[in-house]
Amino acid sequence: MHEDLSKILRGAQTIATRAETVHTAPWDTQPYSILRDGINIINCDDEPVRTPGCIQAHGALLVLRLADLSILQASENTQTILGQAAPALLGQKVGVVVKAEGELRLRSILDKELTDRNPIYAFTLPSSGKAAAMDVTVHTLDGVVMLEFEATGRSQSDANTGALTPDPLHQPDYYALIKKTVARLQTMATVQTFCQALADETRLLSGMDRVMIYKFHADHHGEVFAESRRSDLAPWLGMHYPAEDIPKPARDIFAKTWIRPVPDIKGALAEMTPLLNPDTGKPVDMTFCALRGVSVMYTEYLQNMGVSAGLTMPLRRDNVLWGLIACHHYSGPHHVPYELRGACEFLAQVGSLQHQAVEDRENAAYRLQLEDVNQQLLTMAAQEGGLACMTDSAPSLLGAMRAGGAALYHRDRWWRVGQTPDEAQLEALGKWLVERLDAGSLVSPLYVTHALAADYPAGAAFAGIASGLLAAPLSRSGQNLMMWFRPEVKTTVNWGGNPQDKPTVAGPHGMRLTPRRSFELFSESVHQQAQPWLQVEIDAAARLRALIMELVIVRAERLADLNADLARSNEELDAFAYVASHDLKEPLRGIHKYAHQLMEAAPASEDERRKLEGLMRLTLRMDSLLDSLLHFSRVGREELTLEQVDMNEVLADAVEMVSSRTGDSSTRIVTPRPLPLIMCDRVRVREVLVNLLSNALKYNDKAVKHVEAGFIEPHEVLLRNGFPGSANDQTVYYVRDNGIGIAPRHFDQVFKMFKRLHGREEYGGGSGAGLTIVRKLVERHGGLVWPDSVAGEGTTFFFTLSTADDKSPV
């Protein structure tokens, strides 16, 4: 039976992932022994539970050098357990204890089996003299071999056969028991019924008086989630226990090992001889030893509960500790031999694997509903080109998620649905989340809590509607956010004793921490907490985030491709315009020349003269249009020459260039305040001002023509309505006149090439390319240009130059 069970355990244990390191403390570099130092612990998190320096004295431990299997350390009780004193064993080959056959068996196991951090059954050492028959388990760690000896727990006749393997005919059929248990567990439909069945089956298998499924909460405090007990014992189901009852070092070990037996809470301890490994000078790491010594705090804690023996196994999900299978016995010591312990360990591993599957089945319908809504939200976002539809359409972010409200920060504003904090509160919460979240992490960077005010004190102001928060960043910068809120649920938590009770007593070196002595019901009203988020909800939020970010990336790639195509088209168009305008000028000059010659040759009639004059006017206009087209193509092709420029000098140059229109006293061009120094292309910005000033003077029918050129600083821009959002953090320049104005319906038309709103010869004529060139030059500087006008009263043209503000082009 040993061999069959060992094969099952080896196969299961090899799939268990174990972390390489755990919490370190000062004891890792100096000798520690529970017998000498255990009563000096003042903080449970500092106790070196991996290196206790002692073992439980019902068994013995030998530490061997891996290279030659010589004994480096031995528990001080080997005389009682193995019939040989510890000092006499040091330096000897292990064969002096297990005989030559046992040593060969060990060498074979070490050569062929996976023993690193993986205790496996080696053989049973027959009784000899006063020494009882012992089951021997072996594992390796940090270059040493750990050999543990424990009483077999079988009948004396079977144990004394003299063989290194037991007779399977006299052993319980643990395989059949486990098979029956697993079959029952597979029928469970909910996590609650699964855990209850697991507690029942573990109690039946182990023979313990009480078995609890102990669930850890997010803050590491525990709750008795399911319980199987002797009928005369008081129920503990639903009781909560503070995180300090199972401190971090203990939780860390249960994330690495599969079983912790304590057959006698009052049992003696045996110290290692010597305490430090003579080869390394370090204490022996007993993390994976079944005999690992029990801390004083733990034994006192269980004694205060009236427990006489214990057996504990972890329940893990994705290699993370979810809870414990905690077994208590009250009627004296309860030895769990290797075969039974192995069966319980295997059951814990199966329970860990099936636990996740049961929860998946339980939430399958909810998961499908969440996934369906996620797909609908994504489809709407793709069709409408934005995420705002997720809050103002059906379904919304609340379509499936069990939440009271949701909020989305997108395109520089908040979008809300349901009950949420107000925008000022959201703004502050968003800034706090951006600092807290690692939005660029490859691991899903979600923030999940059912008690927001505990992390974010300002959250107490809106705890009634948002005690629970599930938040996900929607960009690598974390600036875009998606949140769900859950309202406060006032509850009563039943604690096993006062969780704030941390008694101390006088020890040989001063006051020391002791476990709570009272486990009477202690009820506490809990506020500012919401219903905890389910894992299926957290997974759904993470998937929706990934889908949205994928959509954004795909859209960005598509936009980049379109921009690249557009840039190529523009380059080709500019090249075509340049070639066309240049090549067309030659025949145009020929036409004009021949028309002029015909005019000088005295046309036969007045009608022919008018036609020739019209032809000459058309060639001149065509020449003007080609000049504009040629200039426009050059504007798009030539590189900007950026330099530090005084805008006052640029404006003065522009005014001088339009001086033919400002020579009389009826024209005034003013600047309210000096213009700034900026980074720009002097020639191109001067051309912008020349075109705007020319238009301001040309399209003006007032007796006194008034033109103002100036700028608005970024902080002043924020106070103005009607400006583009992208201009809010930039300096805005303007040219304002008191001319004829532009009707709002023509605002877009004025920037089109060769587009004039008036007759060809009205207001001095022109090609209609000036504002088109203005927009091109402004955009080359990464800026925007837009008009504001009232017909008959005047027009203001605003523009920005992003290069001047040292910003990337919009």
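Residues numbered from 1 in each chain as written. Predicted model: local features only at pLDDT ≥ 70, side-chain atom pairs only at ≥ 80, totals over all residues. Heavy atoms only, no water.

**Regarding the overall build of the protein chain**
Moving on, step 1. On a plain count of helices and strands, the protein chain comes out with 22 helices and 29 strands.
Moving on, step 2. Here the protein chain holds 810 residues, and the buried ones make up 50% of them.
Moving on, step 3. Counting contacts in the protein chain only where the partners sit at least 6 residues apart, residues at least 24 apart contribute 67% of the total.
Moving on, step 4. Accessible area for the protein chain stands at about 38000 Å²; split by element, carbon and sulfur atoms hold 53% of it. (Helix = DSSP H or I, 4+ residues; strand = E, 2+ residues; numbered from the N terminus. Buried < 20%, exposed > 50% of the residue type's maximum accessible area, 1.4 Å probe, protein only. Contact = heavy atoms within 4.5 Å. Areas by Shrake-Rupley, 256 points an atom, 1.4 Å probe, with all protein chains shown as cover.)

**Notes on the sheet that holds strand β15 (residues 413-418)**
Moving on, step 1. Reading across the sheet, the five strands line up as β15-β14-β18-β17-β16 and stay open at both edges, with antiparallel pairing between neighbours. At either margin of the open sheet sits one strand with a lone partner, and together these are β15 and β16 (447-449). Sheet twist, expressed as the mean angle between neighbouring strand axes with direction ignored, is 10°.
Moving on, step 2. Direction of pairing for strand β14 (residues 405-410) relative to strand β18 (residues 481-486): antiparallel, over a ladder of five bridges. Across the sheet, the residue bridging to Ala407 is Met483, located in β18.
Moving on, step 3. Here helix α14 (residues 423-436) sits on the sheet and contacts β14, β15, β16, β17 (468-473) and β18; the angle it forms with β18, its principal contact strand, is near 115°. (Pairing = 2+ DSSP bridges. Axes fitted to C-alpha atoms, helices over the stretch in contact; angles between N-to-C directions.)

**Observations regarding the pattern of salt bridges**
Moving on, step 1. All chains considered together, the criterion is met by 24 salt bridges.
Moving on, step 2. For Arg230, the salt bridge is made with Asp232, and the minimal N-O distance between the two is 2.7 Å.
Moving on, step 3. Here Arg230 falls in the partly exposed class, since its relative accessible area comes to 24%.
Moving on, step 4. In this structure, the salt-bridge partner of Glu371 is Arg543, at a minimum N-O distance of 2.8 Å. A residue pair is termed long-range when its members are at least 10 positions apart, and Glu371 in helix α12 (residues 364-384) and Arg543 in helix α17 (residues 535-600) qualify at 172 residues.
Moving on, step 5. Three or more residues joined by partner-sharing salt bridges are found here, namely Lys180, Arg184, Asp200 and Glu201. (Salt bridge = Lys/Arg side-chain N within 4 Å of Asp/Glu carboxyl O.)

**Considerations on the packing of helix α20 (residues 682-698) against helix α22 (residues 770-780)**
Moving on, step 1. One can describe the packing of α20 onto α22 by two numbers: an axis separation of 9 Å at closest approach and a directional angle of 150°. By crossing handedness, the relation of α20 to α22 is classed as left-handed. Note on element contacts: α22 touches α20 through Gly770, Leu771, Ile773, Val774, Leu777 and Val778, opposite Arg684, Glu687, Val688, Asn691, Leu692 and Asn695.
Moving on, step 2. In the contact of α20 with α22, the residues fall into seven nonpolar, three polar and two charged. (Left-handed = near helix turned anticlockwise from the far one by under 90°. Nonpolar A, V, L, I, M, F, W, Y, C, P; charged D, E, K, R; others polar.)

**Let's talk about helix α10 (residues 296-304)**
Moving on, step 1. Among the residues making up α10, those that are buried are Val296, Met297, Thr299, Tyr301 and Leu302.
Moving on, step 2. Measuring from the side-chain oxygen of the N-cap residue of α10 to the backbone nitrogen of Tyr298 gives 3.1 Å; that N-cap residue is Ser295. (Polar contact = N/O pair within 3.5 Å; in protein donor to acceptor, adjacent residues only side chain to side chain.)

**Things to note about the environment of His221**
Moving on, step 1. Relative to the elements of secondary structure, His221 occurs in the loop between β7 (210-216) and β8 (222-229).
Moving on, step 2. Residue His221 is classed as buried on the basis of its relative accessible area, which comes to 11%.
Moving on, step 3. Here the side chain of His221 touches Asp219 through a polar contact of 2.7 Å, side chain to side chain.
Moving on, step 4. A distance of 2.8 Å separates polar atoms of two side chains, one belonging to His221 and the other to His240.

**Notes on the packing of aromatic side chains**
Two numbers describe a pair of aromatic rings. These are the distance of the centres and the angle of the planes.
Moving on, step 1. Across all of its chains, the model carries ten aromatic pairs by this definition.
Moving on, step 2. Taking 6.0 Å as the distance between ring centres and 85° as the angle between the ring planes, the aromatic pair formed by Phe225 and Trp322 counts as edge-to-face. Taken together, the positions of Phe225 in strand β8 and Trp322 in strand β13 (residues 320-329) put the pair 97 residues apart, joining distant regions of the chain. The same class applies to Phe225 as to Trp322, namely buried. (Phe/Tyr/Trp six-rings, centres within 6.5 Å; stacked < 30°, edge-to-face > 60°.)

**Here's the deal with the nonpolar core**
Moving on, step 1. By size, the foremost hydrophobic cluster in this structure holds 35 residues, and its most contacted members are Leu689, Leu692, Val735 and Phe799.
Moving on, step 2. If sequence neighbours within four positions are ignored, Val735 has contacts with Leu689, Leu692, Leu693, Ala696, Val707, Glu708, Ala709, Thr795, Thr796 and Phe797.
Moving on, step 3. Core analysis: the next-biggest nonpolar cluster, separate from the first, contains 34 residues, Ile178, Phe225, Ile259 and Phe346 among them. (Core = buried A, V, L, I, M, F, W, Y, C linked by side-chain atoms within 4.5 Å.)

**Concerning the sheet that holds strand β11 (residues 269-273)**
Moving on, step 1. With antiparallel pairing, the seven strands of this open sheet are ordered in space as β1-β11-β3-β2-β6-β5-β4. A single partner strand is all that each edge strand has here, and the edge strands are β1 (54-56) and β4 (120-125). Neighbour-to-neighbour, the strand axes of the sheet open up by a mean angle of 25°, direction not taken into account.
Moving on, step 2. With three bridges joining them, strand β2 (residues 60-65) and strand β3 (residues 71-75) adopt antiparallel strand pairing. Bridge assignment links Leu62 to a residue of β3, and that residue is Ala74.

**Focus on the confidence of the model for the protein chain**
Moving on, step 1. Across the protein chain, pLDDT averages 79, with 74% of residues at or above 70.
Moving on, step 2. Of the regions scoring below 50 in pLDDT, residues 1-28 engages in 67 contacts with residues more than four places distant in sequence or in other chains.
Moving on, step 3. Segment residues 504-513: pLDDT under 50, and 26 contacts once partners within four positions in sequence are set aside and those in other chains are kept. (pLDDT = per-residue confidence, 0-100.)

**Here we look at α14**
Moving on, step 1. In this model α14 runs 20 Å from its N-terminal to its C-terminal C-alpha over 14 residues, within 8% of the 20 Å that 1.5 Å per residue would give.
Moving on, step 2. Burial in α14 covers these residues: Leu426, Leu429, Gly430, Trp432 and Leu433. Looking down the long axis of α14, one finds its buried residues gathered within 165° of arc, a one-sided arrangement. Away from its buried face, by an angle of more than 90 degrees, α14 presents the exposed residues Ala424, Lys431 and Glu435. (Expected span 1.5 Å × (residues − 1). Arc of directions from axis to C-beta.)

**A short note on the pairing of strand β27 (residues 732-737)**
Consecutive side chains along a regular strand alternate between the two faces of the sheet.
Moving on, step 1. Burial of β27 is extensive: five of the six residues sit out of reach of the surface.
Moving on, step 2. Note: strand β26 (residues 705-712) against β27, six bridges, orientation antiparallel. Bridge pairing links Gly710 to Tyr734 in β27.
Moving on, step 3. Strand direction decides the pairing type here: β27 and strand β29 (residues 794-800), joined by five bridges, are antiparallel. Residue Arg736 lies in a different strand from β29, and its bridge partner there is Thr796.

**Quick word on unusual backbone geometry**
Moving on, step 1. Cis geometry is found at the peptide bond from Thr273 to Pro274, where omega equals -15°.
Moving on, step 2. One can find Pro274 in the loop between β11 and α10.
Moving on, step 3. Backbone geometry places Arg117, a non-glycine residue, at a positive phi of 55°.
Moving on, step 4. In this structure, Asn319 takes a positive phi of about 65° despite not being glycine.
Moving on, step 5. Among the structural elements, Asn319 can be located in the loop between β12 (309-317) and β13.
Moving on, step 6. Residue classification places Asn319 among the partly exposed positions, given a relative accessible area of 43%.

**What about the packing of helix α7 (residues 174-185) against helix α11 (residues 338-362)?**
How two helices sit against one another is set out by the angle between their axes and by the gap between those axes.
Moving on, step 1. Running from N to C, α7 and α11 cross one another at 20°; their axes reach a closest spacing of 11 Å. On the basis of the axis angle, α7 is roughly parallel to α11. Viewed along their axes, α7 and α11 form a crossing whose handedness is right-handed. Contacts between α7 and α11 pair Tyr174, Ile178, Thr181, Val182 and Leu185 from the former with Glu339, Leu340, Ala343, Phe346, Leu347, Val350 and Gln354 from the latter.
Moving on, step 2. Looking at the contact of α7 with α11, its residues break down into nine nonpolar, two polar and one charged. (Parallel < 35°, antiparallel > 145°, perpendicular 65-115°, else oblique.)

**Quick word on the environment of Gly590**
Moving on, step 1. Summarising the element assignment, Gly590 is placed in helix α17.
Moving on, step 2. Separated by 29 residues in the primary sequence, Gly590 and Thr619 place their C-alpha atoms 9.7 Å from one another.

**Examining the pairing of β14**
Moving on, step 1. Within β14, six of the six residues are buried, which leaves it mostly tucked inside the rest of the structure.
Moving on, step 2. Linkage of β14 to β15, two consecutive antiparallel strands, is achieved through a turn of two residues, within which Arg411 is found at a positive phi near 55°.

**Some remarks on the side chain of Ser694**
Moving on, step 1. Assignment of secondary structure puts Ser694 in helix α20.
Moving on, step 2. Of the polar contacts made by the side chain of Ser694, one reaches the backbone oxygen of Val690; its length is 2.7 Å.

**Some details on the state of the cysteines**
Moving on, step 1. Counting across every chain of the model gives zero disulfides.
Moving on, step 2. Cys344 provides the cysteine sulfur closest to Cys327, a residue in no disulfide bond, and the two sulfurs are 6.7 Å apart. (Disulfide = S-S within 2.5 Å.)

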